[in-house]
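Take a look at the letters that make up each chain.
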Amino acid sequence: MKKAIETEIKGIVKDILADYENGRAIDKIEPFGQPDKEVIIDIVHKLIKIVYPGYSRNKSYRVYNVEHHLSLLIEDVMYNLNKQIMLALRYSKKYKNVSEEERSEAAEQIAIAFFKKISSIREYIETDLQAAFDGDPAAYYEEEIILSYPGLLAITVNRLAHELFRMEVPLIPRIMTEYAHSETGIDIHPGATIGKYFFIDHGTGIVVGETTEIGNNVKVYQGVTLGALSTRGGQSLHGTKRHPKIEDNVTIYSGASILGGETVIGEGAVIGSNAFITASIAPGTRVSIKNHELRMTQKGEARFKGPASGDTTGQSDCWCKN
């Protein structure tokens, strides 16, 4: 039996290695030629420690000088991010055919420029934290939000990734936001532009597309989609405005879908749950879906009907069979 398995293994290995020679995208064997996903995820973890310096501990050793520890952390992230950017620039049209030396120099400049943006990124994140605390009556402490709210985690990673996206770094920004997506259930493309005081409440199932524009003081609940009206055009739509613009002070309740690059949700609008919107909404408008009739049947054939969603503003009817 053992000899039979060994024989089969040799044949299977030979078949799989031969399959790699078909020249497809999935056949590429160059493990050191593109960014390392695991390293990038580690960079994300360390960047979060830099953004929130008082909310993590080093489990390997005791640090008495916090500033010294943070200095080492920043240098570590700078070094590794620089290496990953250099690998990613091979996918850039601008740097694809330049020398390794030129690509290395470009990666270094990008890494430095990114770290110079950390302070302004943290300024925006502070407003997101404030929006979450002010907007959620279930929040007892700001620390609770930092340590446990998936919405703030997704926003934090997105704001970091967005800066790299703006610097035209390939691959890395999307790896960062997709990691946040896997951790939180919140999918925000790094290309999305988001203003200050952005609050995601609950968050699960939220999708924000690449060319979405979000203003200041916007609140979004779970299950919301800010998406494209159609993606049938595939790559022919690359670089076009496909996703909506959300102006300042807009609230979007759970399950709403707002689609299309020409769709603008005006300042101060309120979009109710499960609304499906493909055209612009004027400022200050309240959009809601009329309640469907709720029917219930119980033993004894007693039946009740009335507005759904717990709405008691309408008069319910009741009838029973004797």
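What you are looking at is a predicted structure, and each value in this text was computed from that prediction instead of being measured.

Definitions and cut-offs
Residues numbered from 1 in each chain as written. Predicted model: local features only at pLDDT ≥ 70, side-chain atom pairs only at ≥ 80, totals over all residues. Heavy atoms only, no water. Axes fitted to C-alpha atoms, helices over the stretch in contact; angles between N-to-C directions. Helix = DSSP H or I, 4+ residues; strand = E, 2+ residues; numbered from the N terminus. Parallel < 35°, antiparallel > 145°, perpendicular 65-115°, else oblique. Left-handed = near helix turned anticlockwise from the far one by under 90°. Contact = heavy atoms within 4.5 Å. Nonpolar A, V, L, I, M, F, W, Y, C, P; charged D, E, K, R; others polar. Patch = residues over 30% accessible without salt bridge, like charges linked within 9 Å, V, L, I, M, F, W, Y side chains within 5 Å. Areas by Shrake-Rupley, 256 points an atom, 1.4 Å probe, with all protein chains shown as cover. Salt bridge = Lys/Arg side-chain N within 4 Å of Asp/Glu carboxyl O. Pairing = 2+ DSSP bridges. Buried < 20%, exposed > 50% of the residue type's maximum accessible area, 1.4 Å probe, protein only. Polar contact = N/O pair within 3.5 Å; in protein donor to acceptor, adjacent residues only side chain to side chain. Expected span 1.5 Å × (residues − 1). Arc of directions from axis to C-beta. Lys, Arg positive; Asp, Glu negative; His and termini not counted. Charge placed at Lys NZ, Arg CZ, Asp CG, Glu CD.

Which parts of the structure should I look at to understand the packing of helix α3 (residues 66-88) against helix α4 (residues 100-116)?
In a packed pair of helices, the relevant descriptors are the angle between the two axes and the axis-to-axis distance. Interhelical geometry of α3 versus α4 gives an angle of 135° and a closest axis separation of 8 Å. One element, α3, and the other, α4, form an angle in the oblique class. Crossing handedness for the pair α3 and α4: right-handed. Packed against α3, whose contacting residues are I74, V77, M78, L81, N82, I85 and M86, the element α4 presents E100, R103, S104, A107, E108, I110, A111, I112, F114 and F115 at the interface. When grouped by side-chain class, the residues that make up the contact of α3 with α4 number 12 nonpolar, 2 polar and 3 charged.

Even after reading the chapter, I still don't get a nonpolar patch on the surface, so can you show me in this structure?
A surface patch of nonpolar side chains, about 730 Å² in accessible area, is lined by I5, I9, I12, V13, I16, L17, Y20 and I29. Among the structural elements, L17 can be located in helix α1 (residues 2-19).

Please clarify how the sheet that holds strand β14 (residues 286-287) should be interpreted in this entry.
Whether parallel or antiparallel, the strands of a sheet pair through hydrogen bonds between backbone atoms. The strand order β3-β6-β9-β12-β14 describes an open sheet built from 5 strands, whose pairing is parallel. This sheet does not close on itself; its edge strands, each paired only once, are β3 (199-201) and β14.

Got a minute to help me understand the side chain of H189 in this structure?
Mapped onto the elements, H189 comes out in the loop between β1 (187-188) and β2 (193-194). H189 gets classed as buried once you look at its relative accessible area, which sits at 13%. At 3.4 Å, the side chain of H189 forms a polar contact with the side chain of R174. Not counting chain neighbours up to four residues away, the residues in contact with H189 comprise N158, F165, R174, V208, G209 and E210.

Can you walk me through α4 in this structure?
At 3.6 residues per turn, the α-helix brings residues three or four places apart onto the same side. Taking 1.5 Å of rise per residue, 17 residues should cover 24 Å, and α4 covers 24 Å from first to last C-alpha, within 8% of that figure. All of the buried residues in α4 are R103, A106, A107, I110, A111, F114 and F115. One side of α4 holds all its buried residues, which, seen down the axis, span an arc of 165°. Summarising the geometry of α4, the exposed residues directed more than 90 degrees from the buried face are E101, E105 and K116. Check the buried side of α4 and you find it contacts α2 (37-51), α3, α5 (118-135) and α7 (150-166).

Can you help me understand a negative patch on the surface in this one?
On the surface, E101, E102, E105 and E108 cluster together into a patch of negative charge. By the secondary structure assignment, E108 is in helix α4.

I keep staring at the environment of V77 and nothing clicks. Help me out?
Inspection of the secondary structure assignment puts V77 in helix α3. For V77, a relative accessible area of 1% gives the class buried. Separated by 37 residues in the primary sequence, V77 and I40 have C-alpha atoms spaced 9.7 Å apart. Once residues lying within four places of it in the same chain are set aside, the contact partners of V77 are I43, K46, L47, I50 and F115.

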